[in-house]
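One-letter residues, chain by chain:
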Amino acid sequence: MPKLTGGQWFEVVVWLALAGVAYGYSFQFDREIEFYKFGASGWPRLIILFIALGAAGQFVQDLVQAKAKPLYDPGYFAQFAEHGPRFFIRMGLTMALPMVYAGLMQGMGYYFLTPFFLTAYLYLTGEHRVSRLIIVPLVIYAVITLIFTRFAYVGLPTGYWKGFYEFGNWFVVLLRYGSG
């Protein structure tokens, strides 16, 4: 079996423990909802499942990479060497963008803001091909939006600023009930 670092083990254990604790807490508000067959804990448990699957997937990926590359390969650590000021500016923007997104979410709403956020984040992380900057965020946006809005029936923020609120509500109605 490939050798993993303590940090890799710690990460998977923390995420799985978080998922376990959250799943346990979901029984405290597990009640039936008249118009939603999965009950009050349905969508939180779906998110918990995604957290556990993500942790397991990361663990498998770490195992595969550890098998392919020795743990103490000096070439591996070279990628973390100083990259210059452009690197730090990009990293700063990469860390700031989710905070800006979260700050604008209530006013502009998920349905309008998210495609722009996903595209900007993908660009900041190094993707510059226009086709990928359009297709990848739209696929991610469509999957997340359909799962929560259409299937889990979870109300994502529609925004409260004029225009954004109307767009968000129109989009929710369109997804849930169709055009007719």
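Above this text you will find the structure in question.
Quick caveat: nothing in here was measured; it's all calculated off a predicted structure. (Residues numbered from 1 in each chain as written. Predicted model: local features only at pLDDT ≥ 70, side-chain atom pairs only at ≥ 80, totals over all residues. Heavy atoms only, no water.)

A. Examining the packing of helix 5 (residues 110-124) against helix 6 (residues 130-151) more closely. In the contact formed by helix 5 and helix 6, the axes pass within 9 Å of each other and the chain directions differ by 140°. Classified by the angle their axes make, helix 5 and helix 6 are oblique. Helix-helix and strand crossings are classified by hand; for helix 5 and helix 6 the assignment is right-handed. Two secondary-structure elements touch here, helix 5 through Tyr110, Tyr111, Thr114, Pro115, Leu118, Thr119, Leu122 and Tyr123 and helix 6 through Arg132, Leu133, Val136, Pro137, Ile140, Tyr141, Ile144, Thr145 and Thr149. Looking at the contact of helix 5 with helix 6, its residues break down into 12 nonpolar, 4 polar and 1 charged. (Axes fitted to C-alpha atoms, helices over the stretch in contact; angles between N-to-C directions. Helix = DSSP H or I, 4+ residues; strand = E, 2+ residues; numbered from the N terminus. Parallel < 35°, antiparallel > 145°, perpendicular 65-115°, else oblique. Left-handed = near helix turned anticlockwise from the far one by under 90°. Contact = heavy atoms within 4.5 Å. Nonpolar A, V, L, I, M, F, W, Y, C, P; charged D, E, K, R; others polar.)

B. Broad picture of the nonpolar core. Counting 18 residues, the largest nonpolar core has Tyr101, Tyr110, Tyr111, Phe117, Tyr141, Leu156 and Phe171 as its most contacted members. If you list the elements that add at least two residues to this core, you get helix 4 (85-108), helix 5, helix 6 and helix 7 (164-177). At 6 residues, the largest contribution of residues to this core is made by helix 5. The contacts of Tyr101, once residues within four sequence positions are left out, are Tyr110, Leu113, Thr114 and Phe117. Judged by nonpolar contacts, the second largest core, of 6 residues, contains Leu4, Ala55, Phe59 and Leu63. (Core = buried A, V, L, I, M, F, W, Y, C linked by side-chain atoms within 4.5 Å. Buried < 20%, exposed > 50% of the residue type's maximum accessible area, 1.4 Å probe, protein only.)

C. Broad picture of the side chain of Thr158. By the element assignment, Thr158 lies in the loop between helix 6 and helix 7. Classification of Thr158 as buried rests on a relative accessible area of 17%. With residues up to four places along the chain from it excluded, the contact list for Thr158 reads Met108, Gly109, Tyr111, Phe164, Tyr165, Gly168, Asn169 and Val172.

D. Quick look at helix 5. Its 15 residues give helix 5 an end-to-end C-alpha distance of 20 Å, which sits within 8% of 21 Å, the value for a rise of 1.5 Å per residue. Among all positions of helix 5, only Tyr110, Tyr111, Leu113, Thr114, Pro115, Phe117, Leu118 and Leu124 are buried. Buried-residue contacts for helix 5 involve helix 4, helix 6 and helix 7. After helix 5 finishes, the residue Gly126 shows a positive phi value of roughly 115°. (Expected span 1.5 Å × (residues − 1).)

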